[in-house]
Amino acid sequence: MSADLNVVGQSVERSDGIGHVTGRTRFFGDRSFPGMLHLKMVRSPLDHARIIGIDLTDAERVSGFVRALTASDVPHNLYTILGLIGVEPEEEFVLAEDRVRFKGEAIVAIIAESEAAALEAVSKVHLDLEELPAVFDVEEALRPGAPIVTSWGNNTFMYEGHPCRRVRLGDVEAAFERADHIVEGVYNTSPIEQAPVETTGCIAVPEANGRYTVYTNTQALYFSLDNTAIILQVPGNRLHFVGGTVGGGFGGKVDVIVEPIATLAAMKTNRPVRFAYSRSEEMQVSSTRSAWRIYIKDGISRDGHIIARKVTSYADSGAYSRQTPYALTKHAANAAGPYAIPNVSIDAYCVYTNRQPTSAMRGFGVTMASFALEVQMDKIAERVGVDPWTIRFINAYRNGDMKPHRKLAEDATLIETMQAAAALVGHVLPDDLRAMTSAPRDAGPDGGRD
Amino acid sequence: MASRIVTFDLGGREVEVMVRPMTTLQSVLRNQLGFTATKDGCRQGGCGSCTVLVNGQPMLSCLLPVEDVAGQRVTTLESITPAEGLHPIQQAFLDAHASQCGYCTPGMVMVSKALLDHDPAPTDDAIRHALTGNICRCTGYRPIVTAVHSAAEAVHDAADAMRGSAGERAR
Ligand code: FES
Ligand code: FES
């Protein structure tokens, strides 16, 4: 090891370790400020509805009520978190305007002197809603006549004008004709809540110099700052975000949801405002991992080589897309697995439904692809009559192989990783698998394959 | 309903607070007294992050009306942290990487303290049983169980050392 490395190879004490074990680490919620107000949300009790009216009269009479915010108070009410990296269109509302698209969608923000007063006022806001038909299944959402969740007439996120993210290599249909075996599978996964032990929240504090300091537990500090600046139509330098101390995130705290409205509340009242999710909001309103449905059709030669793979995936984005279009792109890039397959076709759809919006969670669309693909690999092994190790070794990427998205594999390590894994679990591999490496194939065109 | 004054012992000092009926001990600790080591992951008895000791027994402070601890002895993480250095349980959590985000850690340390106070050499099962009410989403629990084991050993060794030096002095 190079002598000038001071940290690599050393055990270094974490800078926040002592704070954590003594309870001195300051999470956002451990702070409080004189005159701090509390914000609570009036949320849609219905999955899909038209908003006819909002009556605040009784809420305003609650002792401790300070003010309410509705859509018209938000300078730029329509946004998309990924707009910062060029993703379009803007499609999510900070506060709902004429329609709610999922149960729990924010409609009115109530600001009050105490949390209890805010909750009481929330319970006294009367909503006049006209229920609309709702859709909860990705394939039903794509059928003609399905209730439309978006404002652009269909229920898919559009990728450069296409309703799905597409990956194409070779000719799958021709290869299916030649295949000795066809193996098909459909795989469903449920939405999963990241469930950090600390719920999502922030405190926005007006400063004497006209700036706002926002203490937040976001996982995406600058994303939050920039989106807040856009939503509130203020220059970024009026916002100072303080973060980095996150009581668990796992993807659950990358959406910009609490900061813009809390900062707006601080602007309108000129007082510090705290907005923190309750545990039930964290579970029922904050984004989850998407539910996925993944169809796989594989064509396999007699000796176990996969010669064609066709994948059709649907991610349930819920009512708004948040980070799901990006997760889906990563999914599409990985949906053929770490295997060298000469003919691949992937269609991956990001579908809007009337469910709780979904977003990032560990693995970002790839975890679900891996789950489906590895179960599929076991099915293939069983059909061809080879063991599950062999089927993976003979199909594994090697350096120089073309990936479906037209990138050459340059750092393949699957074979070596599986060899190490076999050793760790005490599985004795046959000699031919033990002798394999990720070095480029040398035998003939296509490595002697299709 | 009228507020009333409640007095209790917090880490060896008497505190007096004015509360409305049904105010939780958690809320008094965090919001009135600024003792924020006690966390609030759910406020509904589900996560254990708010665990404190009442007369040495672990309790969920989010479910405990502060009136119920009137005249009782309340111990929080702040009061077991020594003026210098760390309590052996804290040191063990640090050494075993039993704390990642740190949000569950105060509750974990407090239940571990209660366990080791009445069972200085707990079995693996006893440790796991003691931790069942506390959720950790980061560590996967194994480093926490390891930390409690090594804390038990450290407490034991320290006691031995004390006995040893006391014996030396006697001779
Ligand atoms: S905050 Fe008390 S158990 Fe979760
Ligand atoms: S360390 Fe994060 S929840 Fe336990």
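Reading the values: rules and limits
- Residues numbered from 1 in each chain as written.
- Chains lettered and ligands numbered in written order.
- Predicted model: local features only at pLDDT ≥ 70, side-chain atom pairs only at ≥ 80, totals over all residues.
- Heavy atoms only, no water.
- Domains from an automatic or database assignment.
- Contact = heavy atoms within 4.5 Å.
- Buried area = accessible area lost by both parts, 1.4 Å probe.
- Pairing = 2+ DSSP bridges.
- Helix = DSSP H or I, 4+ residues; strand = E, 2+ residues; numbered from the N terminus.
- Axes fitted to C-alpha atoms, helices over the stretch in contact; angles between N-to-C directions.
- Salt bridge = Lys/Arg side-chain N within 4 Å of Asp/Glu carboxyl O.
- Polar contact = N/O pair within 3.5 Å; in protein donor to acceptor, adjacent residues only side chain to side chain.
- Expected span 1.5 Å × (residues − 1).
- Buried < 20%, exposed > 50% of the residue type's maximum accessible area, 1.4 Å probe, protein only.

1. Observations concerning the domain arrangement of chain B
Residues and elements named next belong to chain B. Partitioning chain B into domains gives domain 1 (1–80) and domain 2 (82–171). Averaged C-alpha coordinates put domain 1 and domain 2 at centres separated by 23 Å. Taken together, the contact pairs 16 residues of domain 1 with 14 residues of domain 2. Carbon and sulfur atoms make up 69% of the surface buried where domain 1 meets domain 2, a total of about 1,300 Å² over both sides. Counting the surface domain 1 buries against domain 2, the share from its top three residues, Leu 53, Leu 77 and Ile 80, is 44%.

2. Topic: the sheet that holds strand E12 (residues 212–216) of chain A
Residue and element names in this part refer to chain A. Strand order across the open sheet formed by 7 strands is E3-E7-E1-E14-E11-E12-E13, with mixed pairing between neighbours. Strands with a single pairing partner mark the edges of an open sheet, and in this sheet they are strand E3 (65–69) and strand E13 (239–242). Sheet twist, expressed as the average angle between the axes of neighbouring strands with direction ignored, equals 25 degrees. Taken together, the 2 bridges between strand E1 (residues 37–43) and strand E14 (residues 273–276) define a ladder with parallel strand orientation. Considered in E14, the bridge of Leu 37 is made with Val 273. Sitting on the sheet, helix H6 (residues 221–232) touches E12 and E13, and the angle it makes with E13 is about 155 degrees. Here helix H7 (residues 258–269) sits on the sheet in contact with E1, E3, strand E7 (106–112), strand E11 (201–206), E12, E13 and E14, set at roughly 30 degrees to E11.

3. Remarks on the interface of chain A and chain B
Contact with chain A, which involves 27 residues of that partner, is made by 27 residues of chain B. Summed over both sides, the interface between chain A and chain B buries roughly 2,100 Å², with carbon and sulfur atoms accounting for 56% of that surface. Among the residues chain A hides against chain B, the three largest losses belong to His20(A), Val21(A) and Val197(A). Together they make up 30% of the total. For the pair chain A and chain B, the number of links is 3 salt bridges. Counting the contacts that link chain A with chain B gives 12 residue pairs in polar contact (both at pLDDT 80 or more).

4. As for the domain arrangement of chain A
Many descriptions give the size of an interface as the accessible area lost when the pieces come together. Residue and element names in this part refer to chain A. Looking at chain A, the domain boundaries give domain 1 (28–132 + 194–284) and domain 2 (165–190 + 287–434). One C-alpha centre belongs to domain 1, the other to domain 2, and the line joining them spans 39 Å. In this assembly, 20 residues from domain 1 lie in contact with 19 residues from domain 2. In total, about 1,700 Å² of surface goes out of reach between domain 1 and domain 2, with carbon and sulfur atoms giving 49% of it. When the buried surface of domain 1 facing domain 2 is broken down by residue, Glu 91, Phe 102 and Gln 194 rank first, second and third, together holding 30% of it. Where domain 1 meets domain 2, there are 2 salt bridges. Residues Glu 92 and Arg 322 are paired through a salt bridge, measuring 2.6 Å at the closest nitrogen-oxygen approach.

5. Overview of the sheet that holds strand E9 (residues 165–169) of chain A
All names here are of chain A. Taken together, the 5 strands give an open sheet; going across it, the order is E9-E18-E17-E16-E10, and neighbouring strands pair in mixed fashion. Each end of this open sheet is capped by a strand with a single partner; those strands are E9 and strand E10 (181–189). The average angle at which neighbouring strand axes cross in this sheet is 5 degrees, direction not considered. Bridge count for strand E16 (residues 291–300) against strand E17 (residues 306–318) is 10 bridges, and the pairing is antiparallel. Paired with Ala 291 across the bridge in E17 is Asp 316. Seen against the sheet, helix H10 (residues 366–384) touches E10, E16 and E17 and runs at an angle of roughly 150 degrees to E10.

6. Quick notes on H10(A)
All names here are of chain A. Between its first and last C-alpha atoms H10 spans 26 Å; for 19 residues at 1.5 Å apiece the expected length is 27 Å, and the two agree. Restricting attention to buried positions, one finds in H10 the residues Met 368, Ala 369, Ala 372, Leu 373, Gln 376, Met 377, Ile 380, Ala 381 and Val 384. Where H10 is buried, its residues meet E10, strand E15 (288–289), E16, E17, helix H9 (324–334) and helix H11 (388–395). One or two residues past the end of H10 sits Gly 385, with phi positive at roughly 90 degrees.

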